[in-house]
Every structure is written in structure tokens, then in C-alpha cells.
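What follows is each chain in one-letter form.
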Amino acid sequence: MDNIEKKLDVLFELGKYREVLELAYETLYSSKSEKELLYQYIILSHMNLEEYKKALEMCDEALGEYPSTSAYLYLRSKNFYYISSYKKAISDIEEALEISPNEPQYLAHFAKVLLMQNDYIQAKEMIERALELDSSESEYHLTLAVVLSMLDGEKVAREIVDEVLAKEPHNLQALDIKQKYFTSKLKEKKSLLQNLLFLDPFDKKSQKDIKFIKYYYTFLPPLMAFVLFMTYLLQSQRREFGFLEPFVFVGFAVLGTLGSKDWRLNVPFIATLVSYDAYFNVGRHGISFGEVFYIVFQAVLFQYVFMGAYKLWGGLRHKFETRLEQQQNNKKNPILYFLFIASFEKYEVIEQEVMKRYYITVPTLALTSLLLIYVNMYQYEHLYLKVFVVLLFIYTGIRAYRVFWILVLYIFGVIFVTNGFVCEGCFLTLMLSVIAATVFVIPYKVTRRFSWMKD
Amino acid sequence: MVKILKNIQYSKLIITFFAHLFVSVLYGSFLALLVKEEYGAPLWLSVALQLFIVLLVTYVAYQEEVKRHYPFLKAVGVNFLGIMLWFGVAFTKIYILDVIALVMVLFAIRYRCKKCVEYKRYTLG
């Protein structure tokens, strides 16, 4: 038996799980010796081969023979976790913790399951208990970082990840978390991805993401320059190039959407949009300076609409994942490839629930923005329409849960009152905006699914 | 100074500012009006008082938010309590009681509920 154990250990360490399974099954059903360890090898091998249902069957079998062994309960809970049956995972791990309450591994796993159930407070409690028992495991620290970031403690979370990376610069998990959640700059993300790729050269995800960043900076600035040139033509020689107007508009929308990933790329873009509006509307039609403020606000608003559209695009991309894979393999059309891959990471971050929110928010917001322009620029008399627009804004504010919308609500309220159309309903609408803004100010909380935990 | 400015979490500060703007403006403007109308304070003083109250509320809330989790319901609760206390004071017509109401609101901001967990770090041993 000792010999078989050693053999199984070596095979398992080498990652030859099929062979481990063959040997373990053979020994399990042929001999009557100690089966506890064999079950563990079988379950772990199935888990490593992502055969979770088989692993679950073996867990049940093992628990039939050794009902008071907490390790099987823990493994079964892990399997339930992988197949997203979180409630079963919780009941199993709770049972395991009743048998052995001071097992940091169990506590850390419990924290992960609770994290998926969005119970961040209890998850924090569990992971802290695990850390009190064993603070040398970097995985626990990283889980705590994720929990803290969910509880709006991003600064501390970032510090934890940095600390782990300072001690273990090649920690795959830490690098992955940092590039996914704590890095907004694409260049920094790229260097982290390169590190990841250096450690695991066959990581397709990192390869894909690096490629995206490369394409992003290669294609986007020239495309932007092209649209800006079209705008110049439209402004300077309107007679000849008047037909360009719809193309310029679509160009602004598409590039603004793609460019919203890196705001620096959008600065000249917004500046052009503002100056374009200022030149035509203020310069030619004699619109007051107060309106310029409104135009700036409008440009920023569009930027956020683009950002929302960008996220929506990410969700849609997730749906057409298989098609994209084919497109990537063909690589015949680099621009199309670039357009498809533009939302590379969003689908992982944004959960279904949030996606639903964006499906509603983005079109509503687009409609609201259009109405806002219509109401403020041309139709000053339509009070009811104004109230409707404010209500729409409040609604989008509620849906979007972002501090930006609160800002929008306030700015909108201020514009409403100061823009020269003080009226009976204005105070009410302003108050409504303020109340909605106050009530719905929620720090941005995205219930995320963490794919890295399943790795 | 640069270090302090660098350490400020601006996104959190903005969130805090807007989350408590309603209650801070409510008390700020009302107390400013009170000192101006009732006690004949100059305009600059009343404006300064208003600004001071807005900044004070934001500061207290920000200090709380950087150290601990600040649940959404707490923000709603604080604003709601502020309105209710304000109405209570308006009902008694002893407007100076608003000072006490403001202090109560500040204490409500500092109240640590079960969900207000601390952002604690453990050293990687």
C-alpha cells in the first residue's frame, strides 16, 4: 500500500491525473486496505480534470464509508462551488467546520462561497478567522483583498495585493487580480499581462488581452485623427462635404465608445466636440455663454453614455463568444477583429444582474440625453417634458448606481434653475433630483463572479 | 502636504460629499439663515457658517468611510434622521435646537453598526 501511495503521490505531482485515476480505482475496488487516501486522490484528480460530477459521486461514496471525515465534506463543498451550487456548498462547508472548526483552508473556502453569495460581511469574518490561524498563505490575503474591495475598501485591498506581489513577484493569482481589478491603465495592465504570460506562456487569455491592447493603441488614434479630419472638412467646406455629417456623428459615437477605455484618448475628442458646438451654436447662432457650460456637460455626458455602451458591448460580446473565437482564429480582417475584441475583459467583470441593468440603463440614458438636448436647446416651454426628463434621469440614476449620475442630477438641477427658466415646477423637480441623488447615492457595487478563484 | 493630498481617496470623498449633501445643506443653510435673520450676523459669516457645516459633515463622514465600510442604508438612515429631526425642530419652533439636531446627525454618521466592518490588514507572515 505504501508503494502505491508513493506512486500516486508522484503521479499526482506530475499532473498525470488519468493515470492516478486508473491506479487509484484499481486499488480501491481490488484491495480491502485503507481507502481514505485513495478517495482523496480520486476526487482531487477528477477535480483537476474538471469532472466535477464524477468527483461529487465519489465524494458521496466516500462520505458513505467515512461519514465523519470533514475533508470529504470540504471537497464536496468545493465541487458544489465549481458547479455554482452555492447553497449546497455552504451547507457542506458548515458541516465540515462543525467537525473541524479551526481549519484555515475550510474557512477560506467558506469565505469564497460567501463572496459568491454577495455576503461580504460574513466572508470577511471567515477569511479573517483563517488569517488569524495562518497568515502565511498569500491566497487568504488575496481573498481578503477581494472582500475588502467589495466593501469599498479598495485602497487597503490594493495595498494587500501589492504586499503579496512584493513578497512573491511571480504569484499568478495576485498578478491576475491586480490586472483585472486594480489597474485601470492599459499600459500597466499590459506589463502585468506580460508577466503573467512569462510565467504561463500558454495562457490564451493573457495573449488575447495583450493583443487587444496592441491593436487598441495601433488603430484607435489614426481612426480618431481620421474622424477629426472629417470634422475639419465639414466645418471648413460645408458645401462640398456636407454629406459627411452623419458619418462624422457615427464616427464620434463609435470611437467615443471604444476610446472610453482610456480617457486620455478622449480628451482631444471631447475638446473637439465642445469647440465644434461652441463654434457653431455659440458663434453663429448667438447662444449665450451659459449654454457653453451646458455643452461641456453634454460632452461629458456623452462620454459616459459611450462608456455604458462599451460595457453593453462587452456583454454582447460574451454572448457571441464562439463566433469570436472563430474570428480570432481566422484573423483575416484585423479591423473587424479589433472591433470584436474591443471589450476584452468586461464580460468577466460584469455579472448577469449588472448586465440587465445596463441593457435598461444605456438605451434609457440615450433617450434621456436626446430629450434633454431637445428640451433645453429648442423647446423652452415644455414644462411637462422637462419633468419627464428629470424623472428619466432619476430613474437612470437609480438603475446605474453610480456617483456620476448623482452629479448629473445635481448639475441638471442647477442648470434647470439658473438657465433662465425658473418656473413653478422647477423647485419641485430640483428637490426631487436632490432627494433622489441623496437617497440613491450608492458606492458602485458590482456583484462580480471571480473566475480566478476557480482556477 | 503633498503626502496628505496624495492620500486622499477622491472618489470616496466625492461619494461622501454627495451622500451627505442633502443633510449638510439642510442644516447649513438653515443655521446660516438663523444667525443672519435672528442674530443679525453679517452675510459673510452666514455663508462661512454654511460652508463650514457642509465641510464638517463631509469631513466626519469621510473619516468614517476611509476606515470602515459605510453601508448604503446608513447613508439613507442619516439623511432620513436629518430630515426627521429638522421637522421635529420646526414643529417645536425653537430653531436653535437645530444645533443639537446637527450634533445628533454627526453622531449618527459616527455610529458603527454590525455591517460597518473595519478595513483591517494582516501582515503576510
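Residues numbered from 1 in each chain as written. Chains lettered and ligands numbered in written order. Predicted model: local features only at pLDDT ≥ 70, side-chain atom pairs only at ≥ 80, totals over all residues. Heavy atoms only, no water.

### As for the state of the cysteines
Residue and element names in this part refer to chain B.
Here is step 1: Counting across every chain of the model gives one disulfide over all chains.
Here is step 2: A sulfur-sulfur separation of 2.5 Å characterises the disulfide bridge that pairs Cys113 with Cys116. Disulfide Cys113 to Cys116: torsion about the S-S bond roughly 85°, handedness right-handed.
Here is step 3: Judged by relative accessible area, which is 24%, Cys113 ranks as partly exposed. (Disulfide = S-S within 2.5 Å. Buried < 20%, exposed > 50% of the residue type's maximum accessible area, 1.4 Å probe, protein only.)

### Description of the packing of aromatic side chains
Residue and element names in this part refer to chain A.
Here is step 1: Throughout the structure, instances matching the rule amount to eleven aromatic pairs over all chains.
Here is step 2: Relative to Tyr41, the ring of Phe12 lies with its centre 5.8 Å away and its plane at 70°, an arrangement referred to as edge-to-face. On the criterion of sequence distance, the pair formed by Phe12 in helix α1 (residues 2-13) and Tyr41 in helix α3 (residues 36-48) is long-range, its members being 29 residues apart.
Here is step 3: The exposure class assigned to Tyr41 is buried, which follows from its relative accessible area of 11%.
Here is step 4: Considering the side-chain rings of Tyr74 and Tyr106, the 4.7 Å spacing of their centres and the 25° angle between planes classify their relative orientation as stacked. Of the two residues, Tyr74 sits in helix α5 (residues 70-82) while Tyr106 sits in helix α7 (residues 104-116), which places them 32 residues apart along the sequence. (Phe/Tyr/Trp six-rings, centres within 6.5 Å; stacked < 30°, edge-to-face > 60°. Helix = DSSP H or I, 4+ residues; strand = E, 2+ residues; numbered from the N terminus.)

### A look at the environment of Leu81 of chain B
All names here are of chain B.
Here is step 1: Position of Leu81 relative to the elements: it lies in helix α5 (residues 72-92).
Here is step 2: A relative accessible area of 31% means that Leu81 is categorised as partly exposed.
Here is step 3: Measuring from C-alpha to C-alpha, the distance between Leu81 and Val105 comes to 7.1 Å, with 24 residues separating the pair along the chain.
Here is step 4: Discounting chain neighbours no more than four positions away, the residues touching Leu81 are Met104 and Ala108. (Contact = heavy atoms within 4.5 Å.)

### Some remarks on the packing of helix α6 (residues 86-99) of chain A against α7 of chain A
All names here are of chain A.
Here is step 1: Running from N to C, α6 and α7 point in directions that differ by 155°, and their axes come no closer than 10 Å. Compared by their axis directions, α6 and α7 come out roughly antiparallel. Crossing geometry of α6 relative to α7 is assigned as left-handed. Here Tyr86, Ala89, Ile90, Ile93, Glu94, Ala96 and Leu97 of α6 lie close against α7, whose contacting residues are Tyr106, Leu107, His109, Phe110, Val113, Leu114 and Met116.
Here is step 2: A per-class count over the contact of α6 with α7 returns twelve nonpolar, one polar and one charged. (Axes fitted to C-alpha atoms, helices over the stretch in contact; angles between N-to-C directions. Parallel < 35°, antiparallel > 145°, perpendicular 65-115°, else oblique. Left-handed = near helix turned anticlockwise from the far one by under 90°. Nonpolar A, V, L, I, M, F, W, Y, C, P; charged D, E, K, R; others polar.)

### Things to note about the environment of Phe80 of chain B
Here is step 1: Among the structural elements, Phe80 of chain B can be located in helix α5.
Here is step 2: Separated by 57 residues in the primary sequence, Phe80 of chain B and Val23 of chain B place their C-alpha atoms 8.5 Å from one another.

### Examining a nonpolar patch on the surface
Here is step 1: A cluster of nonpolar side chains, Tyr39, Ile94, Ile96, Val99, Val103 and Phe107 of chain B, forms an exposed patch at the surface whose accessible area comes to about 600 Å².
Here is step 2: Here Tyr39 of chain B shows up in the loop between α3 (21-37) and α4 (43-67). (Patch = residues over 30% accessible without salt bridge, like charges linked within 9 Å, V, L, I, M, F, W, Y side chains within 5 Å. Areas by Shrake-Rupley, 256 points an atom, 1.4 Å probe, with all protein chains shown as cover. Salt bridge = Lys/Arg side-chain N within 4 Å of Asp/Glu carboxyl O.)

### With respect to the side chain of Glu65 of chain B
Residues and elements named next belong to chain B.
Here is step 1: In this fold, Glu65 is placed in helix α4.
Here is step 2: Here Glu65 sits buried without a salt bridge, and the closest side chain of opposite charge, Lys12, lies 5.1 Å off (N-O distance).
Here is step 3: Not counting the four nearest positions on each side in its chain, Glu65 is found in contact with Lys12, Thr16, Tyr70 and Tyr119. (Lys, Arg positive; Asp, Glu negative; His and termini not counted.)

### With respect to the side chain of Ser206 of chain A
Here is step 1: With respect to the helices and strands, Ser206 of chain A occurs in helix α13 (residues 204-236).
Here is step 2: Ignoring any residue separated from it by four or fewer positions in sequence, one finds Ser206 of chain A in contact with Leu193, Leu196 and Leu197 of chain A.

### Some remarks on α5 of chain B
All names here are of chain B.
Here is step 1: Its 21 residues give α5 an end-to-end C-alpha distance of 31 Å, which sits within 8% of 30 Å, the value for a rise of 1.5 Å per residue.
Here is step 2: Every buried residue belonging to α5 is among Lys74, Ala75, Val78, Asn79, Gly82, Leu85 and Val89, and all of these are buried. Mapping the buried residues of α5 onto a view down its axis gives an arc of 140°, with all of them on the same face. Pointing more than 90 degrees away from the buried face of α5 are the exposed residues Leu73, Phe80 and Phe91.
Here is step 3: Of the residues flanking the end of α5, it is Lys93, one or two places downstream, whose phi is positive at about 65°. (Expected span 1.5 Å × (residues − 1). Arc of directions from axis to C-beta.)

### Quick word on the pattern of salt bridges
Here is step 1: A complete count under the given rule lists twelve salt bridges over all chains for this structure.
Here is step 2: Taking the shortest distance from any N to any O, the salt bridge between Glu139 of chain A and Lys112 of chain A comes out at 2.4 Å. Residue Glu139 of chain A is found in helix α9 (residues 138-150), and its partner Lys112 of chain A is found in helix α7; the two are separated by 27 residues along the sequence.
Here is step 3: Between Lys36 of chain B and Glu37 of chain B there is a salt bridge, and its shortest N-O distance comes to 4.0 Å.
Here is step 4: Classification of Lys36 of chain B by relative accessible area gives partly exposed; the value is 33%.

### Section: unusual backbone geometry
Here is step 1: Even without being glycine, Asp152 of chain A reaches a positive phi, approximately 70°.
Here is step 2: Mapped onto the secondary structure, Asp152 of chain A falls in the loop between α9 and α10 (154-167).
Here is step 3: In this structure, Lys93 of chain B is a non-glycine residue whose phi angle is positive, near 65°.
Here is step 4: In this fold, Lys93 of chain B is placed in the loop between α5 and α6 (97-110).
Here is step 5: Overall, the relative accessible area of 63% leaves Lys93 of chain B in the exposed class.

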